[in-house]
Amino acid sequence: MGSGIAQLFITNGYEVILNDLSDQNLALGVEGIEARLRKELERGEISAAEIKDSLGRLAATTSLSELSDCQFVIEAATESEKTKQSIFESLRQVLRSDAYLASNTSSLSITRLASITPCPERFMGVHFMNPVPKMHLVELIRGIATSEETFHTLKLLVEGTGKKTAVSEDYPAFIVNRVLIPMINEAVYALYEGVGSVISIDNSMKLGANHPMGPLELGDFIGLDTCLAIMNVLHEGFADTKYRPCPLLVKYVEAGWVGRKSGRGFYDYRGDQPVPTR
């Protein structure tokens, strides 16, 4: 997500500093950007000169102190509140006083995250969809302390990149994932209870509901660990049993079978073609 967001902004004329914990992670992020831009070049969507200019606006660092001059910082770490809080604590000593800070969280409380930041009035949720360069929507979420000036400034910034925005109240999982992730969880329940096979469930939703991807395939694409984290946020946030994570989803995550990024989820991606694992 972080490299996708960086790609969006460098191709729209912004200077971007990509930050991660290791040089290896940064190298993978930059390589991903370069690979996606080469594909756009092959499709005639961008010129070689535009790629060169865009990459010239990208820097990478493992040091948060190098973000001290940034006007806008967006956190896109894993969906762990503890991890995000640690990042915001570290940024307290780094950010300039007039900087805007945002989280790309897909489910966590913006109000609670804002309380860790140096200036909650200048903090909000800016939730990009994956893959960032291709998906049209960005959810905007105000915390209780977010100022109108911050909201309108970041709304204009995001829409200036060509994205459409939807405004959500600060409730667990916001709009997209409050609807989407329970659907994926219900598909896992259908598999768990023997209602249908992986292929039958995915084909039913692709052919019967005109979804571009089946829910189990989509869960693998998102990351089953992320799906489980969001279900836990919903379950804890609303205390409603309809949001109880499916035990099979929990088991897959415990096994490390979290989808495409691990090579196995509800499909095995290690061969030439994905094969159902159940």
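By convention here, each chain's residues receive numbers from 1 onward along its written sequence. pLDDT decides what is reported in this predicted model: residues at 70 or higher carry local features, side-chain atom pairs at 80 or more are listed and counted, and totals for whole chains, interfaces and linings draw on all residues regardless. Each side-chain value is worked out from all heavy atoms of the structure, with water and hydrogens disregarded.

- Named according to an unreviewed UniProt entry, the protein is 3-hydroxybutyryl-CoA dehydrogenase originating from Sulfitobacter porphyrae.
- UniProt positions are given in the numbering used here, feature names are shortened, and annotations may be inferred rather than shown by experiment. Per its UniProt entry, the protein bears the Sequence similarities (unreviewed entry) comment "Belongs to the 3-hydroxyacyl-CoA dehydrogenase family."

### A short note on the overall build of the protein
In step 1: Within the protein one finds 11 helices and nine strands.
In step 2: Overall size of the protein, expressed as C-alpha extent along the three principal axes, is 55 × 45 × 30 Å.
In step 3: Note on exposure labels: buried denotes an accessible area under 20% of the residue type's maximum, exposed denotes more than 50%, and partly exposed covers the range between, all computed with a 1.4 Å probe on protein chains only. Here the protein, with 278 residues, has 43% of them falling under the buried criterion.
In step 4: For the protein, the share of sequence-separated contacts (at least 6 apart) that also reach a separation of at least 24 residues comes to 66%. Put simply, DSSP H or I for four residues or longer makes a helix, DSSP E for two residues or longer makes a strand, and each gets a number counted from the N terminus. Contacts are assigned to residue pairs that have any heavy atoms within 4.5 Å of one another.

### Quick look at the nonpolar core
In step 1: Take the buried residues of types Ala, Val, Leu, Ile, Met, Phe, Trp, Tyr and Cys, join any two whose side-chain atoms come within 4.5 Å, and each joined set is a nonpolar core. Of all hydrophobic cores here, the largest spans 25 residues; its most connected members are Phe9, Leu58, Val126 and Phe128.
In step 2: Contributions of two or more residues to this core are made by α1 (2-10), β1 (16-19), α2 (23-42), β4 (100-103), β5 (123-128), β6 (137-142) and α6 (148-159).
In step 3: Among the elements that make up this core, the one with the highest residue count is α1 (five residues).

### So, the side chain of Arg122
In step 1: Position of Arg122 among the secondary structure elements: in the loop between α5 (110-114) and β5.
In step 2: Positive charges are assigned to Lys and Arg, negative charges to Asp and Glu, while His and the chain termini are left out of the count. Whenever Lys or Arg places a side-chain nitrogen within 4 Å of a carboxyl oxygen from Asp or Glu, that contact is recorded as a salt bridge. Buried charge without a salt bridge: Arg122, with Glu149 as the nearest opposite-charge side chain at an N-O distance of 4.1 Å.
In step 3: Side-chain polar atoms of Arg122 contact the backbone oxygen of Ala99, separated by 3.1 Å. In the analysis that follows, any N or O atom pair within 3.5 Å is treated as a polar contact, provided that within protein one partner can donate a hydrogen and the other can accept it, and provided that, for residues neighboring in sequence, both atoms belong to side chains.

### Quick look at α1
Three- or four-residue spacings in an α-helix give side chains the same orientation, since the helix completes a turn every 3.6 residues.
In step 1: Counting buried residues along α1, eight of its nine residues qualify, which places the element largely inside the surrounding structure.
In step 2: Turning to α1, its buried residues are Ser3, Gly4, Ile5, Ala6, Gln7, Leu8, Phe9 and Ile10.

### A look at the UniProt feature "domain: 3-hydroxyacyl-CoA dehydrogenase NAD binding" (unreviewed entry) in the protein
In step 1: With numbering matched to this structure, UniProt assigns "domain: 3-hydroxyacyl-CoA dehydrogenase NAD binding" (unreviewed entry) to residues 1-170.
In step 2: Secondary structure content for residues 1-170 is 39% helix and 19% strand, while the C-alpha to C-alpha distance between its ends is 21 Å.

### Considering the packing of helix α7 (residues 176-192) against helix α11 (residues 247-255)
In step 1: Only the contacting stretch of a helix is used when fitting its axis, a line to C-alpha atoms as for every element, and angles between N-to-C directions run 0 to 180 degrees. At a minimum axis distance of 8 Å, the contact between α7 and α11 shows a crossing angle of 95°. Relative to α11, the element α7 is oriented roughly perpendicular. Across the interface between the two elements, Asn185, Val188, Tyr189, Leu191 and Tyr192 from α7 touch Pro247, Leu248 and Leu249 from α11.
In step 2: Taken together, the residues of the contact of α7 with α11 sort by class into seven nonpolar, one polar and no charged. Any angle that falls under 35 degrees is termed roughly parallel, while one over 145 is termed roughly antiparallel, one within 65 to 115 roughly perpendicular, and all others oblique. Residues are grouped as follows: nonpolar covers Ala, Val, Leu, Ile, Met, Phe, Trp, Tyr, Cys and Pro; charged covers Asp, Glu, Lys and Arg; every other residue, Gly included, is treated as polar.

### Focus on the packing of helix α8 (residues 198-208) against helix α9 (residues 215-222)
In step 1: Two elements in contact, α8 and α9, have axes whose closest approach is 7 Å; the angle formed by their N-to-C orientations is 100°. It follows from the interaxial angle that α8 and α9 lie roughly perpendicular. For the pair α8 and α9, contact is made by Val198, Ile201, Asp202, Met205 and Lys206 and by Pro215, Leu216 and Glu217, respectively.
In step 2: In the contact of α8 with α9, the residues fall into five nonpolar, no polar and three charged.

### Comments concerning the sheet that holds β4
In step 1: For two strands to pair, DSSP has to find at least two bridges joining them. Taken in spatial order, the five strands make up an open sheet running β3-β4-β5-β6-β7, and their pairing is mixed. The two strands at the open ends of the sheet, each matched to only one other strand, are β3 (72-75) and β7 (164-168). Taking the axes of each pair of neighbouring strands and ignoring which way they run, one obtains an average angle of 30° across the sheet.
In step 2: Bridging between β6 and β7 involves five bridges; their strand directions are parallel. In the sheet register, Val138 faces β7, and the bridge partner there is Thr165.

### Points about the UniProt feature "domain: 3-hydroxyacyl-CoA dehydrogenase C-terminal" (unreviewed entry) in the protein
In step 1: The UniProt record marks residues 174-269 with the feature "domain: 3-hydroxyacyl-CoA dehydrogenase C-terminal" (unreviewed entry), using the residue numbering of this structure.
In step 2: The straight-line gap between the two end C-alpha atoms of residues 174-269 is 31 Å; of that span, 62% is helix and 2% is strand.

### Concerning α7
In step 1: Expected span of a helix: the number of residues minus one, times 1.5 Å. Between its first and last C-alpha atoms α7 spans 24 Å; for 17 residues at 1.5 Å apiece the expected length is 24 Å, and the two agree.
In step 2: Of all the positions in α7, only Asn177, Ile181, Pro182, Ile184, Asn185, Ala187, Val188, Tyr189, Ala190 and Leu191 are classed as buried.
In step 3: The secondary structure elements touched by the buried residues of α7 are β5, α8, α9, α10 (224-238) and α11.
In step 4: One or two positions beyond α7, positive phi appears at Gly194, with a value near 80°.

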